[in-house]
Amino acid sequence: MKNNLQQKVALSLLAGAMLFGTGYIANTSIAYAASASKDINIQPNISADDNLDGLTVSKQAENNEKAENNTIIISGGKAYDVYAAVTGGGDAVGNIAQMSGGTVAYLGGAATDYGDGDDGSVISNKVIMSDGKAQEVVGGEAFGTGTVETNCVTMTGGEAQNVYGGATYNSSATGNYVEISGKAIVTGSGDNGYEEDGVKTTNKGVYGAISGDPKGDNEVTFGSLENNSVKISGAAHISNAYGAYSFGGADVIGNSVELMGNATVSGDVYGGYSETGVVTGNTVKIGGNAIVRGNVYGGSSATGVVTGNTIELSGNANVNTANLFGYDKKTSTVSFRRTLSQKAASSGNTLAINGWSGSVNKVKNFEKIKFGEIDLDNLPSNGTVLTITNLDNNDLENTFIDAQGVKFKSGTEIKAGMALNFIASGNDQELYINDDNIEFGNFTAGVAQEGEGKLELQDGKLIYTSTEVHASGQTHLVAENRAVAAAFVNQGSELIADALDTLSRTDGYGVKTFAAVYGNHSKYDVNSDLKINGWSSIVGVGSEKQLAQGGFSWGVFYENGSGNYRTANSFNNEFFRGDGSLVYNGGGIAARYAKKSGSYTEASLRAGMLKSEMDNALKDITGAGYGYKSETAYYGAHLGIGKILTLNESTSVDVYGKFFHTYNEGDNFDVAGDKFEFDSITSDRLRLGTRYTVNKNNKWSSYYGIAWEYEFNGDADMKAMNKAVPTQSMQGSSYMAEIGLNYQPNTASPWSFDLSMRGYAGEREGFSGNVQAIYNF
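Values in this document were obtained by computation on a predicted structure and should not be read as measured data.

Q: Would you take a moment to explain the overall build of the protein chain for this structure?
A: Check the secondary structure of the protein chain and you find three helices and 67 strands. Here the protein chain, with 777 residues, has 54% of them falling under the buried criterion. Looking at the protein chain alone, contacts between residues at least 24 apart form 73% of all its contacts between residues at least 6 apart. As presented, the protein chain carries roughly 30200 Å² of accessible surface, and 49% of it is formed by carbon and sulfur atoms.

See the structure below:
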């Protein structure tokens, strides 16, 4: 193995000079630690003129032996090549190289060489670098035919010249990634280029994955580079970034570069590049406060097909001096104008505008420009979403402009007739866009507004105009919830009336305490039926006095109710579920006067606070869910009259009419920056009914009743960003049937209990159960 490894060291370093540009040709001496985890401080006192040749490795695996979960930690000193693991053909899995200081030429998580049998794969190896300097950094690399998968480099500090998540000569590289943050620097400096036909080509910077031989000497048919990624954030500064790069014929598919934070790229950015392979589905995302000064390519190839690649701009990305290309056809030196046959091989490349606005030096070679999110509060001084500083007349001639489903950010009221510059030139060149290539339609704004818009060329600019605006369909649910919340408070008035009924049925006069619990499951016929499960309770103290013409009973009480419900809503063709809860707390006074003739009059006053809360009630343009909280006062009163007709000693019929009035104050609140306003709700209900009681002189008595109820008002009106939402009304008829049981052990007992069940149909549907207890002092 030693001879093989010596050859590997010499070959790898030579290849590194060619492919990765280490610039070092070391001798074949080898230094490695056989332990599975090794913390080293390499030559901490070495002078700048000293050299340490060879390979430093935590684990050297013989031939096809597997190297797994080894760690090497570099905290200082100077060395050439440092790996956590090296195999002669076996797999290298889960090895980690950590660097917090020192200087190395080549730093790797793991590497595999050609083996005696099957070549090993390089999987899930890591390099974690927080400080120090390195020329080349690679998460995992394979010199044989084994695959390179899910290896990574994480840099939070330090400096490097070139960084690779995964590297391969002869196989596929999938899911490898590089994450650079903090103040890490990848300069791309140093001469790591190569010459071909006398032309110098340089490829420096950060790569999600790289494959092939830059000299083209390797005749192996390469695999693919798929789903590799580069993420740059913080204050990191890099030279160039590539989602994936193939020197040969590897297909480059689904790779990505993401630039966020305050990252700076002084050179170029490629979603993917392949000399002769297919380049498709690659993405470059530039957002946050990231700066790119060079060219940005969705995809590029010398001779291969370049399709379906995307560049996305968001946030406050600074691309003032950048040139954006959906695709680029390159030889080893310069790009060239595509021919008609090449046009079909470079389709579907898209520039996506997503919450960004500003200037770009050039925009070219895109089949589509897609306008998604627009932040009206963050437009530049010229009021234009996309300004192309150096526009040539034909740059957008064959570009499709897609303004379907434009999404304006929350917090800005959209009015019909609002005009906005979507594209304008910064050099007085007129836009040439085919009218047939302009598409527009619906738009949404935050969580509260939606409408229609049109896009057309006017005065050399591409202008978007809103033609119709109204409240978003998803806001209707908020108004429905408001109506149901008011109805839930209304239900509490039933407990008050029931308490007065029960007080009148108990024998004896004097001070009485009473308590009741009321559980219900109800569905209300608003625009979209809502079902609510709730509990209400009432506790109080009162008195009943005997008068010359009858009896007078009264009580003061505290009331509480809590309910919950589920909702179904949709936004932007997405269906989602919400959860709501209601709580009210209040109190009041109630009284009844009953004559010996059987007629009676009753009344009550009540007041309290209603709290309504919903989770995931609404969605915004990013897909995030939002809830809301509302707290309002309520006031109520009821008045009732009736007459109890005695049929015989044990049987009677109660015929009654009751009127309930409830008033709920209005409220306003914000959801995701959009303003919602509730109007007050007034409910006026009339109930007419009869109740038949048997065995009323026994300790067990039962009763049966039916009633008709009509809601005269019950309208819930709401505005969302000053747009009226359709009124949610509970006006209409409901029907009730009840059965109950009253128990008083004997005339001398201070206790009395009442149990009833009710069913509802019509405007309100469902059922309820009520348990009451009274104690007579």
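Q: Just to check I follow, could you spell out the environment of Thr-150 for this structure?
A: Residue position: Thr-150 is located in the loop between strand E13 (148-149) and strand E14 (152-155). Note: C-alpha distance between Thr-150 and Gly-94 (56 residues apart in sequence) is 9.8 Å. Apart from residues lying up to four places away in sequence, Thr-150 is in contact with Ile-123, Ser-124, Asn-125, Thr-174, Gly-175 and Asn-176.

Q: Looking at this model, I keep getting lost on the pattern of salt bridges. Mind explaining?
A: Between side chains of opposite charge, a pair can form as their charged atoms come close. Within the structure shown, the criterion is met by 24 salt bridges. The residue Lys-658 makes a salt bridge to Glu-602 at a minimum N-O spacing of 3.4 Å. Taken as a pair, Lys-658 in strand E58 (residues 651-664) and Glu-602 in strand E56 (residues 599-619) lie far apart in primary sequence, 56 residues in all. Across this residue pair, the class does not change: Lys-658 and Glu-602 are buried. In this structure, the salt-bridge partner of Arg-685 is Glu-709, at a minimum N-O distance of 3.2 Å. One end of the pair, Arg-685, is in strand E61 (residues 681-694); the other, Glu-709, is in strand E62 (residues 700-711), with 24 residues separating them in the sequence. Like Glu-709, Arg-685 is buried.

Q: How should I be thinking about the sheet that holds strand E63 (residues 715-720) in this particular structure?
A: Pairing between the strands of a sheet is mediated by backbone hydrogen bonds and can be parallel or antiparallel. A sheet is described by the order of its strands in space; here four strands give the open sequence E59-E60-E63-E64, paired in antiparallel fashion. Two strands lie at the open edges of the sheet, namely strand E59 (667-671) and strand E64 (723-729), each paired on one side alone. Taken over all neighbouring pairs, the strand axes of this sheet differ in orientation by 20° on average, direction set aside. Direction of pairing for strand E60 (residues 674-678) relative to E63: antiparallel, over a ladder of three bridges. Looking at the pairing, Phe-678 lines up with Met-718 of E63.

Q: Looking at this structure, I do not really get the sheet that holds strand E40 (residues 358-360). What am I missing?
A: Spatially, eight strands are ordered E40-E44-E47-E51-E50-E49-E46-E43 in an open sheet, and the strand pairing comes out mixed. If you trace the sheet from one side to the other, it starts and ends with E40 and strand E43 (373-374), each paired once. Pairing analysis gives ten bridges linking strand E50 (residues 449-458) to strand E51 (residues 461-471), with the strands arranged antiparallel. Of the residues in E51, the one forming a bridge with Leu-455 is Tyr-464.

Q: Which parts of the structure should I look at to understand a nonpolar patch on the surface?
A: Taken together, Val-511, Val-541, Leu-547, Phe-552, Trp-554, Val-556, Ile-589 and Leu-605 make up a surface patch of nonpolar side chains, about 620 Å² in accessible area. Contributions of two or more residues to the nonpolar patch are made by strand E53 (530-547) and strand E54 (550-571). In terms of residues, the nonpolar patch owes the most to one element, E54, which gives three residues. For Trp-554, the location among the structural elements is in strand E54.

Q: Even after reading the chapter, I still don't get the side chain of Gln-728, so can you show me in this structure?
A: Inspection of the secondary structure puts Gln-728 in strand E64. Judged by its relative accessible area of 0%, Gln-728 falls in the buried class. Engagement of the side chain of Gln-728 in a polar contact is seen with the backbone oxygen of Pro-726, the distance being 2.9 Å.

Q: Is there a simple way to think about the nonpolar core in this case?
A: The tendency in soluble globular proteins is for nonpolar side chains to be buried as a group. Ranked by internal contacts, the top residues of the largest apolar core, which has 75 residues, are Phe-422 and Ile-423. Among the elements that make up this core, the one with the highest residue count is strand E5 (residues 71-87) (five residues). In this structure, Ile-423 is in contact with Ile-369, Phe-371, Thr-384, Leu-386, Ile-388, Leu-396, Ile-401, Leu-431, Lys-461 and Leu-462, ignoring residues within four places of it in sequence.

Q: I'm lost on unusual backbone geometry in this one. Help?
A: Only a minority of non-glycine residues have a phi that is not negative, and only a minority of peptide bonds are not trans. Although it is not a glycine, Asp-428 adopts a positive phi angle of roughly 65°. Tracing the chain through its elements places Asp-428 in the loop between strand E47 (419-425) and strand E48 (438-440).

Q: What is the right way to look at the side chain of Ser-357 in this model?
A: Here Ser-357 shows up in the loop between strand E39 (350-354) and E40. A distance of 3.2 Å separates a polar atom in the side chain of Ser-357 from the backbone oxygen of Asn-378. Ignoring sequence-local partners within four residues, the contact set of Ser-357 consists of Asn-378, Leu-379, Pro-380, Thr-384 and Val-385.

Q: Before we go on, may I ask you to explain the environment of Gly-588 in this structure?
A: Along the chain, the position of Gly-588 falls in strand E55 (residues 574-595). Once the C-alpha coordinates of Gly-588 and Gly-608 are considered, the two residues, 20 residues apart in sequence, prove to be 8.8 Å apart. In this structure Gly-588 touches Gly-555, Val-556, Phe-557, Leu-605 and Arg-606, once residues within four positions along its chain are discounted.

Q: Just to check I follow, could you spell out the packing of aromatic side chains for this structure?
A: Note on aromatic pairs: each is described by the distance of the centres and the angle between the planes. Within this structure, the stated rule accounts for 27 aromatic pairs. Ring geometry for Phe-371 against Phe-422: centres 4.5 Å apart, planes inclined by 35°, an arrangement best described as tilted. Taken together, the residues Phe-371 in strand E42 (residues 368-371) and Phe-422 in strand E47 connect sequence positions 51 residues apart. Judged on exposure class, the residue Phe-371 and its partner Phe-422 are both buried. Aromatic side chains Phe-669 and Phe-678 sit 5.2 Å apart centroid to centroid with 70° between the ring planes, which places their arrangement in the edge-to-face category. Judged by its relative accessible area of 9%, Phe-669 is buried. Feature note: the residues Tyr-164, Tyr-207, Tyr-242, Tyr-245, Phe-247, Tyr-270, Tyr-273, Tyr-297 and Phe-325 constitute an aromatic cluster, connected by ring pairs. Taking NZ or CZ as reference, Arg-592 lies 4.1 Å from the ring centre of Tyr-600, over its face. It is Arg-685 that lies over the ring of Phe-660; its NZ or CZ is 4.7 Å from the centre.

Q: Looking at this structure, how should I read the pairing of E62?
A: Both faces of the sheet carry side chains from a regular strand, because those side chains alternate between them. Here ten bridges tie E61 to E62, and the two strands are oriented antiparallel to one another. Counterpart to Thr-690 in the pairing with E62 is Ile-706. The turn joining E61 and E62, which pair antiparallel and follow one another in sequence, is formed by five residues; a positive phi near 55° is taken by Asn-695. Here E62 runs beside strand E65 (residues 732-743); their pairing, made up of twelve bridges, is antiparallel. Note that in E65 the partner of Tyr-703 across the bridge is Gly-740.

Q: For this particular structure, what's the right way to read the environment of Leu-396?
A: Structurally, Leu-396 is set in the loop between strand E44 (384-388) and strand E45 (400-403). The class for Leu-396 is buried, based on a relative accessible area of 2%. Expressed as a C-alpha distance, the spacing of Leu-396 and Lys-368, which sit 28 residues apart in the sequence, is 9.2 Å. Ignoring anything within four residues of it in the chain, the contact list for Leu-396 reads Val-363, Ile-369, Ile-388, Leu-391, Ile-423, Leu-431, Tyr-432 and Ile-433.

Q: Got a minute to help me understand the confidence of the model for the protein chain in this structure?
A: Should the pLDDT be low somewhere, the predicted coordinates at that spot are not to be read in detail. On average, residues of the protein chain carry a pLDDT of 83, and 85% of them reach 70 or more. Counted against residues more than four places away or in other chains, residues 331-344, with its pLDDT under 50, gives 18 contacts.

Q: I tried to follow the pairing of strand E8 (residues 103-108) on my own but got confused; where do I start?
A: Most of E8 is tucked away, with five of its six residues classed as buried. Judged from the five bridges that link them, E5 and E8 form a sheet pairing that is parallel. Paired with Tyr-83 across the strands is Gly-108, a residue of E8. The sheet contact formed by E8 and strand E12 (residues 133-142) spans five bridges and is parallel. When the sheet's bridge partners are listed, Thr-103 is paired in E12 with Lys-133.

The rules behind each value
- Residues numbered from 1 in each chain as written.
- Predicted model: local features only at pLDDT ≥ 70, side-chain atom pairs only at ≥ 80, totals over all residues.
- Heavy atoms only, no water.
- Helix = DSSP H or I, 4+ residues; strand = E, 2+ residues; numbered from the N terminus.
- Buried < 20%, exposed > 50% of the residue type's maximum accessible area, 1.4 Å probe, protein only.
- Contact = heavy atoms within 4.5 Å.
- Areas by Shrake-Rupley, 256 points an atom, 1.4 Å probe, with all protein chains shown as cover.
- Salt bridge = Lys/Arg side-chain N within 4 Å of Asp/Glu carboxyl O.
- Pairing = 2+ DSSP bridges.
- Axes fitted to C-alpha atoms, helices over the stretch in contact; angles between N-to-C directions.
- Patch = residues over 30% accessible without salt bridge, like charges linked within 9 Å, V, L, I, M, F, W, Y side chains within 5 Å.
- Polar contact = N/O pair within 3.5 Å; in protein donor to acceptor, adjacent residues only side chain to side chain.
- Core = buried A, V, L, I, M, F, W, Y, C linked by side-chain atoms within 4.5 Å.
- Phe/Tyr/Trp six-rings, centres within 6.5 Å; stacked < 30°, edge-to-face > 60°.
- Lys NZ or Arg CZ within 6 Å of the ring centre and 35° of its normal.
- pLDDT = per-residue confidence, 0-100.

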